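Chains, contacts and geometry: an overview
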Amino acid sequence: MYWTLELASYLDDAPWPATKDELIDFAIRTGAPLEVVENLQSMEDEGDMYESIEEIWPDYPTEEDYLWNEDEY
């Protein structure tokens, strides 16, 4: 399983919180690339609800990663 920003972006509008099966269904219905569906299928399924993409891909960049704070420099 590998994620890239482009692949993860297909889940931006997913109906969070969602189960693994709901995310797979969403990815298929919205025409996400096969890699997105395969990544979701390869996740261990314990019936958990995922609150956001960060729970699936912990390294997903957030807005804080891109904001420039002039007070810090």
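Every value quoted in this text rests on a predicted model; they were computed, and no experiment measured them. (Residues numbered from 1 in each chain as written. Predicted model: local features only at pLDDT ≥ 70, side-chain atom pairs only at ≥ 80, totals over all residues. Heavy atoms only, no water.)

1. Quick notes on the pattern of salt bridges
Summed over the entire model, instances satisfying the criterion amount to one salt bridge. Residues Asp 25 and Arg 29 are paired through a salt bridge, measuring 2.9 Å at the closest nitrogen-oxygen approach. With Asp 25 and Arg 29 both in helix 2 (residues 20-29) and four residues apart, this pair spans about one turn of that helix. (Salt bridge = Lys/Arg side-chain N within 4 Å of Asp/Glu carboxyl O. Helix = DSSP H or I, 4+ residues; strand = E, 2+ residues; numbered from the N terminus.)

2. Some words on the packing of helix 2 against helix 3 (residues 34-41)
Where helix 2 meets helix 3, the axes come as close as 9 Å, and the angle between the chain directions of the two elements is 170°. Between helix 2 and helix 3, the angle falls in the class roughly antiparallel. Residues Lys 20, Leu 23, Ile 24, Ala 27 and Ile 28 of helix 2 form the contact with helix 3, whose own contacting residues are Val 36, Val 37, Leu 40 and Gln 41. A breakdown of the residues in the contact of helix 2 with helix 3 according to their chemical character gives seven nonpolar, one polar and one charged. (Axes fitted to C-alpha atoms, helices over the stretch in contact; angles between N-to-C directions. Parallel < 35°, antiparallel > 145°, perpendicular 65-115°, else oblique. Contact = heavy atoms within 4.5 Å. Nonpolar A, V, L, I, M, F, W, Y, C, P; charged D, E, K, R; others polar.)

3. Brief notes about the nonpolar core
Across soluble globular proteins, you tend to see nonpolar side chains buried next to one another. Formed by 20 residues in total, the largest nonpolar core has its most connected members in Trp 3, Leu 11, Leu 23, Val 36, Leu 40 and Ile 56. Taken together, the elements giving at least two residues each to this core come down to helix 1 (5-9), helix 2, helix 3 and helix 4 (53-56). The dominant element in this core, judged by the number of residues it contributes, is helix 2, at four residues. Excluding residues within four positions of it along the chain, Leu 11 makes contact with Trp 3, Trp 16, Phe 26, Val 36, Leu 40 and Ile 53. (Core = buried A, V, L, I, M, F, W, Y, C linked by side-chain atoms within 4.5 Å. Buried < 20%, exposed > 50% of the residue type's maximum accessible area, 1.4 Å probe, protein only.)

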